[in-house]
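Now for the letters of each chain:
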Amino acid sequence: AQRLATVGGCSSMISKFPNDKESQLQWAKALRVILVRAPRVEIADGLCVLEVGGATVARAMLDMYSGFIGLAQESNSLVTATDLAVLISLYRDSGFGVDESHAHAKSLRLIVATLMLPDRLLSCDTNSGCSSSSKGRLQGFLSRAVGIPGLEPRSSTWIRLATEWLCSPARKLSERKRLQFCAKGLFVELFAGCESARGELLRVLMGTILGEGQSYPSRFAALDALEHIVTHERILLARFAPKLEVWLEYLANSPRTVAFRLVHVVVPLFQHSQRLRDSLFMKVRKLSSSRSNNQKMLGAICMSAMFGKMGTMEAELSILEATGAALVLLDTEGQAS
């Protein structure tokens, strides 16, 4: 079992895959045990069974996990970070043919159902500590799943999932908050541990924050995630200052509350990038000297975010809106006279 990762092991497992559905589920259960108990460095390689086995193996694994996740709470069965990693693999690239869309939706539902399980049922696997607190245990579970060796090629899938969780339309507030917490944690984990994913991750976040047609909840959820990255991985993020400068060109077309919050979030990066500070300062000055009254007000708001002492965002914005409106009125009266 511990040598499942070898090519011979994968071939052997596939060659013994049964034809009848009941035996396939038993085979899938055995594979789950092997994956969970395999040494940490071999777990990801063991997933080659899913890739080599194709649609039939993947479908059997999905059926097995569907039953297992559903019964976990009743039977107190532990769901491991490896289980989540396997579900991510099924979600990403199992060849389901005509059933692809159905299987895709089913695997996504199973991933969400796993994250909604009580914390006592989430196991970080062996040799990996998990905090006893609710958020700490969930974060440890996700961190362990993301950190499984060999899963870096799936980083784009993690990003897509995290984006879906971030903008979750879940009806229950508790479920929506839990998914958003998972999304923020995943963005930080991926940015810290997966170098190849950093550019795509920032592009997704900035596109959500500054893109046209984005809803306010989605924008502010993405801003929360970006703020988490700034807080935890400031030095790594500062290396992307040139890209941030380009994205900030779209600041002038942003809603005022979004622009204020975005500037407020990136200010801590100034100590690591004078170029970013100077570039943003020039953009804000340009806004402040614009002929458009709306642009002037936006410039004043952004300038306050850069240099003012921050109170609560709501109070700050209320003061700035009133001040900006007064300045616009004076400017209009001056031009008339």
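Residues numbered from 1 in each chain as written. Predicted model: local features only at pLDDT ≥ 70, side-chain atom pairs only at ≥ 80, totals over all residues. Heavy atoms only, no water.

Considering the overall build of the chain
Note the threshold: Helix and strand definitions here come from DSSP, where helices need a minimum of 4 consecutive H or I residues and strands a minimum of 2 consecutive E residues; each element is numbered from the N-terminal end. Exposed residues in this analysis have more than 50% of their type's maximum accessible area, buried residues have under 20%, and partly exposed residues fall in between, with area computed by a 1.4 Å probe over protein chains only. In what follows, residue pairs with any heavy atoms lying within 4.5 Å of each other are defined as contacts. Where accessible areas are quoted, they stem from the Shrake-Rupley method and a 1.4 Å probe; at the residue level, only the protein chains shown are allowed to cover.
The number of helices and strands found in the chain is 17 helices and two strands. By residue count, 47% of the 337 residues in the chain fall in the buried class. Within the chain, contacts between residues at least 6 apart in sequence are counted, and of these 70% link residues at least 24 apart. Of the roughly 16,500 Å² that the chain leaves accessible, carbon and sulfur atoms contribute 53%.

Re helix α10 (residues 198-210)
Here is the rule: Any helix carries an expected span of 1.5 Å times its number of residues minus one.
Helix length check: α10, at 13 residues, gives a terminal C-alpha distance of 18 Å against a target of 18 Å (1.5 Å per residue), a fit within 8%. Among all positions in α10, only R198, L201, L202, V204, L205, M206, T208, I209 and L210 are buried. Taken together, the buried residues of α10 touch α8 (155-166), α9 (173-193), α11 (216-232), α12 (234-238), α13 (241-247) and α14 (256-266).

Remarks on the nonpolar core
Within soluble globular proteins, side chains that are nonpolar tend to cluster in buried spots. Our working definition: For our purposes a nonpolar core is just a set of buried Ala, Val, Leu, Ile, Met, Phe, Trp, Tyr and Cys residues, chained together by side-chain atoms within 4.5 Å.
Counting 94 residues, the largest nonpolar core has W165 and L262 as the members making the most contacts within it. Looking at this core, the element that brings in the most residues is helix α4 (residues 48-75), giving ten residues.

Details of the packing of α8 against α10
Note the cut-off: Angles shown run from 0 to 180 degrees and are taken between the N-to-C directions of axes, each axis being a line fitted to C-alpha atoms and, for helices, limited to the stretch in contact. The scheme is simple: roughly parallel for angles under 35 degrees, roughly antiparallel for over 145, roughly perpendicular for 65 to 115, oblique for anything else. The sense of a crossing depends on the near helix, which, turned anticlockwise from the far helix by less than a right angle, makes the crossing left-handed and, turned clockwise, makes it right-handed.
At a minimum axis separation of 10 Å, α8 and α10 run at an interaxial angle of 20°. Looking at the two axes, α8 sits roughly parallel to α10. Two packed elements cross with a definite hand, and for α8 against α10 that hand is right-handed. Here α8 contributes S156, I159, T163 and L166 to the contact with α10, which in turn contributes E200, L201, V204 and L205.

Quick look at the packing of aromatic side chains
Put simply, the rule is: A pair of aromatic rings is counted whenever rings of Phe, Tyr or Trp (Trp by its six-membered ring) have centres within 6.5 Å, and the orientation is called stacked for planes under 30 degrees apart, edge-to-face for over 60 and tilted otherwise.
Evaluated as defined, the whole model comprises three aromatic pairs. Taken together, a centroid distance of 6.4 Å and an interplanar angle of 80° make the contact between Y65 and F68 edge-to-face. Within this pair, Y65 and its partner F68 are both found in helix α4, separated by three residues, close to a single helical turn. Classification of F68 as buried rests on a relative accessible area of 16%.

Notes on the pattern of salt bridges
Operational definition: Here, a salt bridge means any side-chain nitrogen of Lys or Arg that lies within 4 Å of a carboxyl oxygen of Asp or Glu.
Enumeration according to the criterion identifies ten salt bridges in this entry. K106 is paired through a salt bridge with D63; the nearest N and O atoms lie 3.0 Å apart. One end of the pair, K106, is in helix α6 (residues 100-115); the other, D63, is in helix α4, and 43 residues separate them in sequence. K283 serves as the salt-bridge partner of E249, at 3.4 Å between the closest nitrogen and oxygen. On the criterion of sequence distance, the pair formed by E249 in the loop between α13 and α14 and K283 in helix α15 (residues 274-288) is long-range, its members being 34 residues apart.

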